[in-house]
Amino acid sequence: MSPLLTAARRLHRNGHHIRVMADPAMRAEVEASGFAFVAWRRAPTGKAADPVDVSDVKDFLRQAVFDPAALYAADVRDEIGRMPTDAVLVLDVLFGAALGAEASGVPFALLSPHVSIRPLPECRRPPAG
């Protein structure tokens, strides 16, 4: 949640009203940061949202990212319909949430809070690892 909440704080400082849609287990952290919390309604939560067996990457991605995409999309579309929304910030693995924003005609951005594992042309540091 840290990168998402950091982005939320910056957006809030720039005048945006923030609400965070996430797993119910994250409610306390979101609310402690001063933001409104909305739980996923259809999308998987808890262990169902984060399969622990990653031995088969293809199966893990299917379970965690692709199979529930329509559920994330539906939840985001419902929330956009419930309350005016001028933009959506989505963690990069929640493709369905991005699709829900796009289907609603709301601009969105993907937040990818990961370390690059390959050298980037503008970076003079070696890749992670």
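Heads up: the structure comes first, above all this text.
Residues numbered from 1 in each chain as written. Predicted model: local features only at pLDDT ≥ 70, side-chain atom pairs only at ≥ 80, totals over all residues. Heavy atoms only, no water.

Here's the deal with the layout of surface pockets
Part 1: As a volume, the largest pocket reaches approximately 1200 Å³.
Part 2: Contributing to the lining of the largest pocket are 45 residues, with Leu4, Met21, Leu89, Leu91 and Leu94 lying nearest its centre.
Part 3: Per-element tally for the lining of the largest pocket: the top contributor is helix α1 (residues 2–13), with five residues.
Part 4: Among the residues making up the lining of the largest pocket, the classes are represented as 33 nonpolar, six polar and six charged. (1 Å grid on protein atoms, 1.4 Å probe; cavity = no way out; pocket = protein on both sides within 12 Å on 5 of 7 lines; lining within 4 Å. Points joined across faces, edges and corners; volume = space filled by probe spheres on them. Helix = DSSP H or I, 4+ residues; strand = E, 2+ residues; numbered from the N terminus. Nonpolar A, V, L, I, M, F, W, Y, C, P; charged D, E, K, R; others polar.)

Let's talk about the packing of aromatic side chains
Part 1: Using the criterion set out here, one finds two aromatic pairs in the structure.
Part 2: Each ring, one from Trp40 and one from Tyr72, has its centre 4.7 Å from the other, and the planes form 85°; the classification is edge-to-face. Of this pair, Trp40 sits in the loop between β2 (36–39) and α3 (57–66) while Tyr72 sits in helix α4 (residues 69–82), and the two are 32 residues apart along the sequence.
Part 3: Given the relative accessible area of 11%, Trp40 is considered buried.
Part 4: When the centroid spacing of 5.9 Å and the interplanar angle of 15° are considered together, the rings of Phe66 and Phe95 count as stacked. (Phe/Tyr/Trp six-rings, centres within 6.5 Å; stacked < 30°, edge-to-face > 60°. Buried < 20%, exposed > 50% of the residue type's maximum accessible area, 1.4 Å probe, protein only.)

Some points on the pattern of salt bridges
Part 1: One pass over the structure, following the stated rule, counts eight salt bridges.
Part 2: As a salt-bridge pair, Asp59 and Arg62 come within 2.5 Å of each other at their nearest N and O atoms. Here Asp59 and its partner Arg62 are both found in helix α3, three residues apart, which amounts to about one turn of the helix.
Part 3: Exposure remark for Asp59: the relative accessible area of 27% places this residue in the partly exposed category.
Part 4: Judged by relative accessible area, which is 37%, Arg62 ranks as partly exposed.
Part 5: Taking the shortest distance from any N to any O, the salt bridge between Asp67 and Arg62 comes out at 2.5 Å.
Part 6: Overall, the relative accessible area of 48% leaves Asp67 in the partly exposed class.
Part 7: In this structure, a network of salt bridges that share partners links the residues Arg19, Arg41, Glu79 and Arg82. (Salt bridge = Lys/Arg side-chain N within 4 Å of Asp/Glu carboxyl O.)

As for α3
Part 1: Residues of α3 that are buried include every one of Phe60, Ala64 and Val65, and no others. The arc enclosing the buried residues of α3, seen along the axis, measures out at 90°, which places them on a common side.
Part 2: Contacts made by the buried residues of α3 are with α4 and α5 (95–103).
Part 3: Two or three places before Lys58, at the start of α3, stands the capping residue Asp56, its side-chain oxygen 3.2 Å from that residue's backbone nitrogen. (Arc of directions from axis to C-beta. Contact = heavy atoms within 4.5 Å. Polar contact = N/O pair within 3.5 Å; in protein donor to acceptor, adjacent residues only side chain to side chain.)

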